[in-house]
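A closer look at the structure
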Amino acid sequence: MAKILIVEDNQDFNKAVSAYLTQNGYDVFSAYNANEAYDVLFENPDIIHVSPATYRFAYDKTGKYIAILAPNYIYSKDELSAKTAELKEHTDKLLSNIDPAWNDEMKALALHDTIITNCRYSTDEKISSDDKSIYTAYGSLVNEDAVCQGYTLGYNYLLNQLGIEAHVVVSAEMNHYW
């Protein structure tokens, strides 16, 4: 099912558009401002074609309000279905090693250890390149190359697949994700 993020501060309009799209088969996420839009992306790391780190903003004439919030897509529409299938394949493989009898803490620890064992932290050269997958779940789980944001989104994605609640914590001051 296609996922759509609606960012609109008018709640009535947001709800109407969301309801229409839901009725037409879309998985809709609603946000009423830019901060909520970031939260949606962080809480849904399977939205791999948008990097939360690469949004463009444009303010209105007063400079007080964001008039445009435009994501930078890191995959074309054609690439996205293949990348999504790869993410699912790798996710299924990783989750097949988790014993359903384990408690949530044991599952979380096993997934954590798997990621840190297999994924390398991206180099400065890679960070400055055009490859933005290092900021996504795809980067950490498929490419096995990511920065802290990619590690976090990959880990949260796996935990969410097991029904384990997880949240992203961001420090702008430290430029770090957990």
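Structural notes, computed from the coordinates. (Residues numbered from 1 in each chain as written. Predicted model: local features only at pLDDT ≥ 70, side-chain atom pairs only at ≥ 80, totals over all residues. Heavy atoms only, no water.)

**Things to note about unusual backbone geometry**
One non-glycine residue, Glu144, adopts positive backbone phi at about 55°. The residue Glu144 is located in the loop between helix H6 (137-143) and strand S6 (145-146) in this model. For Glu144, a relative accessible area of 30% puts it in the partly exposed group. Within the chain, Asn175 stands out as a residue other than glycine whose phi angle is a positive 50°. Positionally, Asn175 belongs in the loop between strand S7 (170-171) and strand S8 (176-177). According to the relative accessible area criterion, Asn175 is exposed, its value standing at 62%. (Helix = DSSP H or I, 4+ residues; strand = E, 2+ residues; numbered from the N terminus. Buried < 20%, exposed > 50% of the residue type's maximum accessible area, 1.4 Å probe, protein only.)

**Section: the pairing of strand S2 (residues 27-31)**
Bridge analysis of strand S1 (residues 3-7) against S2 gives five bridges, and the strand direction is parallel. Note on S2: the bridge partner recorded for Ile6 is Ser30. Regarding the hand of the β-α-β motif, the stretch spanning S1, helix H1 (residues 11-23) and S2 is right-handed. (Pairing = 2+ DSSP bridges. Right-handed = clockwise from strand over helix to strand, strands pointing away.)

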